[in-house]
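Geometric and topological summary
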Amino acid sequence: QAPGEESWSERFRWANEGFVYSIEILGAEAARTSMNVGAPLHHEEHGHVVPIDGLTVSLGFFGNVYPMRDTAMTYVDVETGLPVWTSKTLDERNVVRTYDVSFRRDAFQAHVRRTREEGVRTYMRYGPSDLHDAMSWWIDLRSRDHAIGSEFVYHVYDGWKLSRLTCRVTRHHDVYTPMGFVPSAEFSLTREVLASFAPLPYADGAALPPVYEVTEGPLDLGRMWFSLDDRRLPVGAEIDAPIGYLRMLIARHEAPGS
């Protein structure tokens, strides 16, 4: 946090807020996603946190050929907005995988417990002290400066690939959604996949920042939009995903505290 810059807790104003999104693939609705941002609470294990949860379920023809029910829960530190723990369960084509990740920032580490049908595996990954997960980074981004040309970089990890995501405001324009036209800031998204290592071969036990090597990218991941009004709604995104190029747009919004 730079001198004079607001902390995450000062910028956060979205307790008890919910969203529903419609996801289209090849022009047809393929899935629905819901996301909810809870109110700050005290967790016995993780301390003072804000819970964020999500659910994605496939629909219609796409649901027949690619049955999917993915769930997510993240606890973010109420002061920093950084995740302390996250769990993602991917139930796709009747194959279930769960990734539980504990973030240990003082050691520049993320500890993973992966559960699959064939068993449980635990492992550790090096990462920066400001490492995000797939849900916490966009909560942070929505509260940032959305002037054209603004740029932000996030390191994101959920238990599989470590990514460096560069988000840049390219323009302001109206985006058509099921809720009508929404004046929005458009962000371009560029992704690099990283390998991370201890800074020195003999420094595994030392609290030193890791070093990185780009193994994929930079890749044009797509674009996303946030509304330009005080709500800073996550309007939607167009993403090049493993299951195809998808378009996600907000269909319903439950205002904070409603």
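Further up the page is the structure itself.
I will try to describe carefully the structure that is included in this document. Each chain has its residues counted from 1, running along the sequence as written. This being a predicted model, a pLDDT of at least 70 is required before a residue's local features are given, and a value of 80 or more before pairs of side-chain atoms are given or counted; all residues contribute to the totals for chains, interfaces and linings. Derived side-chain values reflect all non-hydrogen atoms in the structure, with water molecules and hydrogen atoms excluded from consideration.

1. Things to note about the overall build of the protein
When helices and strands are counted, the protein shows three helices and 15 strands. Every radius of gyration here is taken over C-alpha atoms, with the globule rule written as 2.2 Å times N^0.38, N being the number of residues. Relative to the compact-globule value of 18 Å for 258 residues, the protein shows a C-alpha radius of gyration of 18 Å, a close match. The principal-axis extents of the C-alpha atoms in the protein amount to approximately 55 × 50 × 40 Å. For each residue, the accessible area found with a 1.4 Å probe, counting protein chains only, is set against the maximum for its type, and the residue is called buried under 20%, exposed over 50%, and partly exposed in between. Every one of the 258 residues in the protein was classed for burial, and the buried ones make up 49%. For the protein, the share of sequence-separated contacts (at least 6 apart) that also reach a separation of at least 24 residues comes to 50%. A helix here means a DSSP run of H or I that spans at least four residues, while a strand means a run of E at least two residues long, and both kinds are numbered starting from the N terminus. When checking whether two residues touch, look at their non-hydrogen atoms; a contact exists if any pair is within 4.5 Å.

2. Things to note about unusual backbone geometry
For the peptide bond that leads from Gly217 to Pro218, omega is 10°, which places it in the cis range. Take Pro218: it is sitting in strand β13 (residues 211–227). One non-glycine residue with positive phi stands out, namely Asn94, at about 65°. By the secondary structure assignment, Asn94 is in the loop between β6 (83–92) and β7 (95–104). Not every positive phi belongs to a glycine, and Arg232 is a case in point at roughly 50°. As for its placement among the helices and strands, Arg232 is situated in the loop between β13 and β14 (234–241). According to the relative accessible area criterion, Arg232 is buried, its value standing at 17%.

3. Brief notes about the nonpolar core
Among the nonpolar cores identified, the biggest contains 48 residues, and Trp137, Trp138, Leu141, Cys167, Phe187, Leu189 and Met224 are the most heavily contacted of them. Ignoring sequence-local partners within four residues, the contact set of Phe187 consists of Leu141, His146, Phe152, Cys167, Arg168, Val169, Gly222, Arg223, Met224 and Phe226. Only buried residues count toward a nonpolar core, which is a set of Ala, Val, Leu, Ile, Met, Phe, Trp, Tyr and Cys residues joined through side-chain atoms within 4.5 Å. If you look at the next biggest cluster of nonpolar residues, it comprises eleven residues, including Val101, Phe103, Ala110 and Leu162.

4. Some points on the side chain of Thr56
With respect to the secondary-structure elements, Thr56 resides in strand β4 (residues 47–58). Pairs of N or O atoms within 3.5 Å make up the polar contacts considered here, provided that, within protein, one atom can donate a hydrogen while the other can accept it, and that residues adjacent in sequence are counted only when both atoms are side-chain atoms. Here the side chain of Thr56 touches Thr33 through a polar contact of 2.9 Å, side chain to side chain.

5. Quick notes on the packing of aromatic side chains
To pair, rings of Phe, Tyr and Trp, with the six-membered ring standing in for Trp, must have centres within 6.5 Å; the planes then decide the type, stacked if under 30 degrees apart, edge-to-face if over 60, and tilted in the middle. Tallied over the full model, the rule gives ten aromatic pairs. An angle of 15° between the planes, with centres 4.7 Å apart, marks the rings of Trp8 and Phe12 as stacked. We note that Trp8, like Phe12, is buried. Of note, Arg121 hangs over the ring of Tyr123, and the distance from its end group to the ring centre comes to 4.5 Å. Lysine and arginine charges are scored as sitting over a ring when NZ or CZ, respectively, is within 6 Å of the ring centre and within 35 degrees of the ring normal. The ring of Trp14 carries the charged tip of Arg142 above its face, separated from the ring centre by 4.0 Å.

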